[in-house]
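Working through the structure, step by step
So you can see what is in the structure, the chains are spelled out below.
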2 protein chains.
Amino acid sequence: MSFKLELEKRLYRINDIITGYLPKEEGYYKTVLEAMNYSITAGGKRIRPMLMLETFCLFNGRNYDVLYPFMAAIEMIHTYSLVHDDLPAMDNDEYRRGRKTTHVEYGEAMAILAGDGLLTLAFETAAGAYEKVDENSKDALSIYKRIMRAYKVLASKSGVHGMIGGQVIDIEFVGKTVTQEGLDRMYLLKTGALIEASMMIGAIIAGAEDEYVDIIRDIAADIGLAFQIRDDILDVISSDNILGKPTHSDEKNDKPTYVSIMDVEKAKEEVASITDRAKKAYEALPYRNEFLVELITELISREK
Amino acid sequence: MSFKLELEKRLYRINDIITGYLPKEEGYYKTVLEAMNYSITAGGKRIRPMLMLETFCLFNGRNYDVLYPFMAAIEMIHTYSLVHDDLPAMDNDEYRRGRKTTHVEYGEAMAILAGDGLLTLAFETAAGAYEKVDENSKDALSIYKRIMRAYKVLASKSGVHGMIGGQVIDIEFVGKTVTQEGLDRMYLLKTGALIEASMMIGAIIAGAEDEYVDIIRDIAADIGLAFQIRDDILDVISSDNILGKPTHSDEKNDKPTYVSIMDVEKAKEEVASITDRAKKAYEALPYRNEFLVELITELISREK
C-alpha cells in the first residue's frame, strides 16, 4: 500500500478514536461543548497522536486500550493551545485551517473556556486509562506505573517548562533580534515539547526500556525543531490558499523566525541536517517501523 | 487550642506545602512564572486544600506524602479559575483580595498563559504523587489505584461537566431571570464541583470505603452551595474594605443571585437549612473530626 493510502487509513482511525472521547453537545452549558468540538474537528493533521501510535508500534506495544485515551488527550492539548494562541490578546488570528477561529465563531469568553475545557478534558481522558487495566493480571502494577509516568510526561511537556514556556518566549521575542540558539530554545519548547510527549508516551505505554525512551525523546525534539523550521519556510514560500491560513504572518507580526535570520535555502539545509541526525539516532535502535520513517520524512518536507 | 489558632496553624502548614510545589522564577520564560506565583500567593483562604486535608484526617489517612501534591494541585486549579474569570473578556475585574488582578499587573496575554500554566502545573504536581509510593510495599497496587482515581476526580470536577460548565452557565445567565433551581445547578458546578473534588480526594487517598466517598461528595456539594449563597449575601451586606474586592458587583454585572431572587433573610435561612442537611449526613458517619465541623460552620457564616 502506498504511503498516502496508509496515512489516510491511520488518519481515519485516529479521528475515530478522538471522536469517541469528545463531549456530547447537550445540557445547560452546551455552548462550550460546541466550541470545543468545533475546534478539535477542524481537520487537523493529527500528527501528535499519529506519532504516538507509531512509536507505540515501533516498540511492539499491545495494550491499545491504554494508549487510545493518551492519543485523544495529546490532540486535545494541541487544540487548546491553538484556541488560546489565536485569541485577540495573543496572536489575534481570525482564520485557521480555512475556518474561522474559535473566538471569532463563539466569542472571546467562550474561546477561553473552550480552551480550558479541552485542556482539562485531556487530563480527564488520560486519567481514564487505568480503568482499562485488569487489576488481577500479573503485570497490573507495571502497567499502572507506565500510565502514571505517561501522565506526568503529558503534564510536564505541556506546561510552563514545556509548551507554555515556549509560547511565553514567542511573545517576548516579538520585535526583537534573536540568535539561532534563542530560536531553537523557543522551538524546542513551543513545538518540540508536545512532539516529545507524543513519542515518549507511545514508548512508555508500550513498555520500552528507559534508555530507549530517552533516545526517542531526543529524536522527537529534532522532529519538532525541523517541523517548526519547515513551518517558518512555508509561511514564506506558500500561499494562503494552500496553507489554509494567511502566509507572511510572521513578518507581519514582527516575529523572528529562521527565515528572518537566514535565507530560505540555508533554512532548508538546517532542516535537512537536523532530520539526518534524527534518522541516524533511529537507525541505531534495535526496532523498526517503516511507516514512522516515512511519516517523519513527510512532516519535514510537507507543502502545507 | 481555640479554633482560630488551629486554623492559623493549618493555614501556615498548607501555605508551606503549596509553596514547595511552586516554580522558581528563573529562565527565559520567567514572566509567566512570576505571574503564576503572584496569583497563587495573593493570600487565599486555602479552603479547598484545608477541606481535603481534614477529610483525609476524618478517615484516618496516613500517607501524607501522597496527599500533599493533590492539596497543592486543587489550590492551583482554584487559582487558575480566578485568573481566567477576572479577564476582560470574562468578569473584567481589576481587584481581588485587595490586590490588582493578574491581567492588570502582567497584561492579558500573560494572564491567559499564567492560568493555563497553573492548570497544567496542577496536573503535573498531582501526577508526581505516585513517586512517593514504595512499589515493593504490599499495598502499592491499592495505593496506585487510589491515586489514579483521585486524578480522574480532580480532572472531571474541574472540567466542562464540573467547574467550567458552571462558569459557562454563569456567563449565559447574565441579564436573565432564573429560578432557584437554575441557580442551584450553576452553583453546584461553579463552586460545588471543586469542593466535592477536594473532599472526595481526601477520602479516596485516605482509603475510605466507596459508600463513604459518595456521602462525602453529597456533603461537599451542600457545603459548596451554602458557601456560594453566603458569597451572594456578603456581596450585598459587606463593604469593599472588608471583602477586599468591590461589593454589589453582582448587581452591577446584572448577575442573578440568591439575593436577587429572594431577600437576604430568606437567603440566610436557605444557607442554614442546607448546612443542617450536611451536618446530619456527617453525623451518620462512623468517623469524627471536630475541626472539620468547626471549619464548615465558619465557612458558611463567614464575614468575608
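Everything below is about the structure shown above.
In this text the structure is predicted, and so the values were computed from the model without any measurement. In this convention, every chain numbers its residues from 1, walking through the sequence in written order. Lettering of chains starts at A and numbering of ligands starts at 1, both following the order in which they are written. Where local features are concerned, this predicted model is filtered to residues with pLDDT of at least 70; where side-chain atom pairs are given and counted, the filter is 80 or more; whole-chain, interface and lining totals use all residues. Note: side-chain values were computed over all heavy atoms of the structure, leaving out hydrogens and water.

**What about helix H6 (residues 108–127) of chain B?**
Which entries qualify depends on this criterion: Here a helix means four or more residues in a row that DSSP labels H or I, a strand means two or more in a row labelled E, and each is numbered from the N terminus. Helix span, as expected, comes to 1.5 Å for every residue beyond the first. When a residue's accessible area, from a 1.4 Å probe over protein chains only, is under 20% of the maximum for its type it is buried; when over 50% it is exposed; and in between it is partly exposed.
Taking 1.5 Å per residue as the helical rise, H6(B) with its 20 residues ought to reach 28 Å, and the 29 Å between its terminal C-alpha atoms agrees with that figure. In terms of burial, H6(B) is a largely internal element, 19 of the 20 residues being buried.

**Observations regarding the nonpolar core**
Condition: Definition used in this section: a nonpolar core is a set of buried Ala, Val, Leu, Ile, Met, Phe, Trp, Tyr and Cys residues joined via side-chain atoms within 4.5 Å. By the convention used here, residues are in contact when the closest approach between their heavy atoms is within 4.5 Å.
Ranked by internal contacts, the top residues of the largest apolar core, which has 215 residues, are A:Phe70, A:Ile147, B:Phe70, B:Ile147 and B:Tyr151. Setting aside residues up to four positions removed in sequence, A:Ile147 forms contacts with A:Val66, A:Phe70, A:Ala129, A:Tyr130, A:Val133, A:Ile205 and B:Met148.

**Considerations on the environment of B:Ile171**
As for its position among the elements, B:Ile171 is in helix H8 (residues 163–173). Distance from B:Ile171 to B:Leu243, taken between C-alpha atoms, is 23 Å for residues 72 residues apart in sequence. Not counting the four nearest positions on each side in its chain, B:Ile171 is found in contact with A:Ala109, A:Leu113 and B:Met90.

**Here's the deal with helix H14 (residues 264–283) of chain B**
Residues and elements named next belong to chain B. Rules: This arc is taken over the directions from the axis of the helix to the C-beta atoms. Here a polar contact means two N or O atoms within 3.5 Å. Within protein one must be a hydrogen donor candidate and the other an acceptor candidate, and residues neighboring in sequence count only if both atoms are side-chain atoms.
With 20 residues, H14 extends 29 Å between its outermost C-alpha atoms, agreeing within 8% with the 28 Å of an ideal straight helix rising 1.5 Å per residue. Those residues of H14 not exposed but buried are Val 264, Ala 267, Glu 270, Val 271, Ile 274, Thr 275, Ala 278 and Tyr 282. Projected down its long axis, H14 shows its buried positions confined to an angular sector of 125°, all on one face. Facing away from the buried side of H14, by more than 90 degrees, are the exposed residues Glu 265, Glu 269, Lys 280 and Glu 283. Buried-residue contacts for H14 involve helix H3 (47–58), helix H9 (180–206), helix H10 (210–237), helix H13 (258–261) and helix H15 (290–301). One side-chain oxygen at the N-terminal end of H14 lies 3.2 Å from the backbone nitrogen of Glu 265; it belongs to Asp 263.

**A word on the side chain of A:His78**
Residue and element names in this part refer to chain A. Among the structural elements, His 78 can be located in helix H4 (residues 64–85). Here His 78 falls in the buried class, since its relative accessible area comes to 11%. At 3.3 Å, the side chain of His 78 and the side chain of Arg 48 are in polar contact. Sequence-distant contacts of His 78, that is, excluding residues within four places in its chain, are made with Arg 48, Arg 97 and Leu 194.

**Considering the relation of the copies chain A and chain B**
What counts here: The superposition of copies rests on a least-squares fit of C-alpha positions from residues with pLDDT of 70 or more in both.
With an RMSD of 0.0 Å, the fit of chain A onto chain B corresponds to turning through 180° and sliding 0.0 Å along the axis. On the angle and the small slide along the axis, the relation comes out as a two-fold axis. Minimal C-alpha distance to the rotation axis in chain A is attained by A:Leu141, lying at 2.9 Å. Comparing interface residues between copies, 100% of those in chain A also sit at the interface in chain B, which points to an isologous, same-surface contact.

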